[in-house]
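The lines below spell out each chain.
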Amino acid sequence: MPGKIQVLPDSISKAIAAGEVVERPASVIKELVENSIDAGSTEVVVEIRMGGLNLIRVQDNGEGIEPEDLPLALQRYATSKLKRLEDLYQITTLGFRGEALPSIASVSKMTIKTRVRNSINGTKIICEGGVIKNISSIGCPVGTEIEVRNLFYNVPVKRKFLKSIPTELRQSLNHFIRLSLSHPTIYFKLIHEGRILQEHLGTDSLKIRIESVLGREAWEQMRPFEFEDGEIRVSGFMSLPTFSKRTADGIYLYVNQRGIRDRVLYKAILEAYRQLLPVGRYPVVVLFIFLPPSGVDINVHPTKAEVKFKDQERVYQVVVRALRSTHESIPRYEEAKGLKRPLELKEESLSSFIEKPSLFHSLSRSCDEKEIFPSSEEFKSEKVGGIPRIIGQVRGTYIICEDERGIFFIDQHAAHERILFERFKREMEERSFSINQFLVPITLEFSAEESLLLVAYLERFHWMGFEIDPIGKGVFALRSIPSFFDPEEAKELISHILEELAFISKGDTMKGVIDTILVTMACHSAIRGNFLLRREEIEELVKSIYPFDLSMTCPHGRPIFFFIREEELVKQFKRSSH
Ligand code: ADP
Ligand code: MG
């Protein structure tokens with residue numbers, strides 16, 4: 001009897017969008033875990049070392065591979081999942097091209113141990129650089145264990161192009177998370193260097209899986225949705241407008257349980273959140289689209305990360321409607337909970353805004369006036385104590401003042417950010433900042449991705465006054481913070497810093513890391529736009545940055561000033577002849 005795996009005839013293999021599937025350790029993990037899922041496993045354990053460069057081991061309890069099939073599994077275009085060209089349009093498995101195992105085997109040292117249920121013995125195959133070295137019969141549990149060692153050992157160029165171990169690990173974690181979210185009934189475990197990074201018990205409830213994967217905070221801020229339109233069904237969980245991220249990384253898209261990226265779907269999601277989120281913030285959404293396999297072509301991308309819908313416009317509309325109708329059904333008070341209103345900032349935290357003499361003490365007042373202009377009396381007074389004459393604040397966001405050079409428009413947030421950045425930097429360098437040590441440590445919970453980053457940068461945090469100890473999976477004890485921050489803000493501040501640190505790349509120096517933290521601290525504490533300032537506060541702010549250096553930007557690189565020269569006014573009003 002022929003085995004299950006067959007080499008695809010030329011006619012089919014040519015129709016398959018073949019491509020390079022192995023780019024980095026994360027792609028190996030994705031392919032191997034997908035195979036385990038396709039094999040009907042209920043348990044999948046992934047173990048990696050050195051971010052996957054030294055070792056990736058995926059063990060499952062799926063159907064296993066027949067002994068006579070095993071060498072075939074390592075051959076290109078050999079698959080048990082596709083037999084006829086027509087099947088390509090009815091695929092329900094994650095794999096179908098028969099490419100992953102041979103591609104991975106050709107760039108690593110691979111060992112497979114596998115046993116099918118009705119056999120007493122298992123089979124082991126050893127392969128090096130794609131060449132089979134040995135096949136033997138062994139005892140092993142039902143299922144498959146694939147071990148990939150020394151990835152790219154024979155392709156040094158590829159190895160060189162890999163990023164740092166933490167970056168590679170993060171990518172792997174990301175694939176692992178995506179697959180865990182779409183298959184809640186399967187038990188998943190991820191171990192790195194002997195430490196359990198993720199462990200998810202099998203459950204029928206997507207909600208429970210979301211809590212386990214994305215963490216309690218995200219889970220508390222997410223609501224279910226479900227929507228149907230003809231043959232298209234959309235369901236999942238979406239964040240309330242009070243919970244958002246700096247990147248679109250919290251958007252998980254699936255089509256028929258296959259994780260995908262799709263620009264149009266991202267757009268649909270952002271459209272549904274339009275005007276609900278501040279500019280530059282993204283929601284967290286786990287979105288499943290189910291439609292007949294014939295309504296979507298999954299064979300358009302080398303790593304199958306993208307798909308093509310037959311009726312893209314309709315899918316777009318269904319997604320927008322699904323999310324919008326859920327927003328509309330969420331009671332407003334729920335949205336308002338936890339919403340931080342800038343005008344309710346605390347006195348203490350504001351007094352430390354700007355250097356002594358302390359300024360911005362009682363800002364808790366409403367912003368009902370749109371603009372402040374000086375009284376006629378003030379108008380007469382000339383320069384105050386060596387600073388330019390302040391004209392006022394407009395739109396609660398910009399400060400206008402003048403000196404002999406012309407008129408200056410100042411972005412109060414950008415300016416304050418720069419002042420704080422310089423101050424934090426100086427105090428850090430001089431080690432002159434004070435630290436608020438807690439008698440009882442504050443317990444903080446972070447998602448797996450955040451935890452990974454936090455652990456990687458613990459020492460840096462410590463150096464900057466944040467004493468943080470890991471005490472369990474995703475749980476940390478915060479023992480101190482620099483005293484210019486309110487302990488109540490600590491969680492938000494640290495999350496904010498971690499969001500920024502996720503962008504740091506391998507080449508970044510320690511200084512880069514520290515600057516990133518400083519910038520985030522400054523941005524976090526600086527006064528926002530649309531925030532009325534008192535006259536003394538405006539003066540204090542202006543004084544701290546005077547004389548204006550026109551090339552000065554905020555630490556993110558945005559300008560602080562906008563300047564109109566006197567000559568420009570003269571020209572505009574055609575007064576030059578006078
Ligand atoms: P594809 O998944 O596209 O079929 P792969 O190269 O990933 O191609 O795998 C080749 C074949 O090896 C699969 O079709 C499947 O029959 C078998 N196989 C791979 N991994 C497993 C596993 N974990 N359990 C059972 N069978 C597997
Ligand atoms: Mg596969």
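For clarity, every value in this text was computed on a predicted model and none was experimentally measured.

A. A look at the site of ligand 1. Taken together, 21 residues form the shell around ligand 1, and within it Asn35, Thr79, Ser80, Lys81 and Gly98 come nearest. Side-chain polar atom of Asp60 to a nitrogen atom of ligand 1: 2.9 Å apart, as the coordinates give it. The contact in question runs from an oxygen atom of ligand 1 to an N or O atom on the backbone of Ala100, over 3.2 Å. Considered on its own, ligand 1 offers 540 Å² of accessible surface; in the complex 96% of this is hidden by protein.

B. Fine view of the layout of surface pockets. For the second largest pocket, the calculated volume is near 600 Å³. Surrounding the second largest pocket, 34 residues form its lining, Asn35, Ile65, Ser80, Lys81 and Leu101 being those nearest its centre. Examining the composition of the lining of the second largest pocket, we find that six residues originate from one element, helix H2 (residues 25-38), more than from any other. For the lining of the second largest pocket, the class distribution of residues is 14 nonpolar, eight polar and 12 charged.

C. Highlighting the sheet that holds strand E6 (residues 122-128). Taken in spatial order, the eight strands of this open sheet run E7-E6-E5-E8-E3-E2-E9-E10, and their pairing is mixed. Looking at strand neighbours, the two that pair on one side only are strand E7 (131-138) and strand E10 (195-200), the edges of this open sheet. Between one strand axis and the next, the sheet turns through 10° on average, direction left out of account. Pairing of strand E2 (residues 43-49) with strand E9 (residues 187-192), which is carried by six bridges, proceeds in the parallel orientation.

D. Examining the confidence of the model for the protein chain more closely. When pLDDT is averaged across the protein chain, the result is 83; 87% of the residues are at 70 or more. Low pLDDT (under 50) marks residues 333-384, which in the prediction has 105 contacts with non-local residues, meaning those over four places away or in another chain.

E. Inspection of the nonpolar core at higher detail. Core analysis: the largest hydrophobic core is formed by 59 residues, its most contacted members being Met110 and Leu214. The element that contributes the greatest number of residues to this core is helix H6 (residues 165-182), accounting for six residues. If we skip the residues at most four places from it in the chain, Leu214 touches Leu181, Met222, Tyr252, Val284, Val286 and Ser447.

F. Molecular detail of the packing of aromatic side chains. According to the stated counting rule, one finds 11 aromatic pairs in the structure shown. Where Phe176 meets Phe188, the ring centres are 5.7 Å apart and the plane angle is 80°; that geometry is what we call edge-to-face. One end of the pair, Phe176, is in helix H6; the other, Phe188, is in strand E9, with 12 residues separating them in the sequence. What makes Phe188 buried here is its relative accessible area of 0%.

G. Helix H19 (residues 535-545), seen in detail. Residues Glu537, Ile538, Glu540, Leu541, Val542 and Ile545 constitute the buried set of H19. Its buried side turned inward, H19 meets strand E19 (389-394), strand E20 (398-403), strand E21 (406-411), helix H14 (412-430) and strand E25 (561-565).

H. Region of interest: the packing of H14 against H19. Contact geometry of H14 with H19 gives a least axis separation of 10 Å together with a crossing angle of 55°. Considering the angle they form, H14 stands oblique to H19. Crossing of H14 against H19: the hand is left-handed. Across the interface between the two elements, Gln412, Ala415, His416 and Ile419 from H14 touch Leu541, Ser544 and Ile545 from H19.

I. A look at the sheet that holds strand E14 (residues 258-260). Judged by pairing direction, the sheet is mixed, and its five strands sit side by side in the order E11-E12-E15-E13-E14 without closing on themselves. Strands at the two margins of the open sheet, each flanked by one partner only, are strand E11 (222-229) and E14. The sheet shows a mean angle of 20° between the axes of neighbouring strands, taken without regard to direction. As paired strands, strand E13 (residues 251-255) and E14 are joined by three bridges and run antiparallel to one another. Bridge pairing in E14 places Tyr254 opposite Gly259. Of the strands in this sheet, E13 and strand E15 (285-290) touch H6, which is tilted by about 55° from E13. Here helix H10 (residues 312-329) sits on the sheet and contacts E11, strand E12 (232-239) and E15; the angle it forms with E11, its principal contact strand, is near 135°.

So, how was this worked out
Residues numbered from 1 in each chain as written. Chains lettered and ligands numbered in written order. Predicted model: local features only at pLDDT ≥ 70, side-chain atom pairs only at ≥ 80, totals over all residues. Heavy atoms only, no water. Near = heavy atom within 4 Å. Polar contact = N/O pair within 3.5 Å; in protein donor to acceptor, adjacent residues only side chain to side chain. Areas by Shrake-Rupley, 256 points an atom, 1.4 Å probe, with all protein chains shown as cover. 1 Å grid on protein atoms, 1.4 Å probe; cavity = no way out; pocket = protein on both sides within 12 Å on 5 of 7 lines; lining within 4 Å. Points joined across faces, edges and corners; volume = space filled by probe spheres on them. Helix = DSSP H or I, 4+ residues; strand = E, 2+ residues; numbered from the N terminus. Nonpolar A, V, L, I, M, F, W, Y, C, P; charged D, E, K, R; others polar. Pairing = 2+ DSSP bridges. Axes fitted to C-alpha atoms, helices over the stretch in contact; angles between N-to-C directions. pLDDT = per-residue confidence, 0-100. Contact = heavy atoms within 4.5 Å. Core = buried A, V, L, I, M, F, W, Y, C linked by side-chain atoms within 4.5 Å. Buried < 20%, exposed > 50% of the residue type's maximum accessible area, 1.4 Å probe, protein only. Phe/Tyr/Trp six-rings, centres within 6.5 Å; stacked < 30°, edge-to-face > 60°. Parallel < 35°, antiparallel > 145°, perpendicular 65-115°, else oblique. Left-handed = near helix turned anticlockwise from the far one by under 90°.

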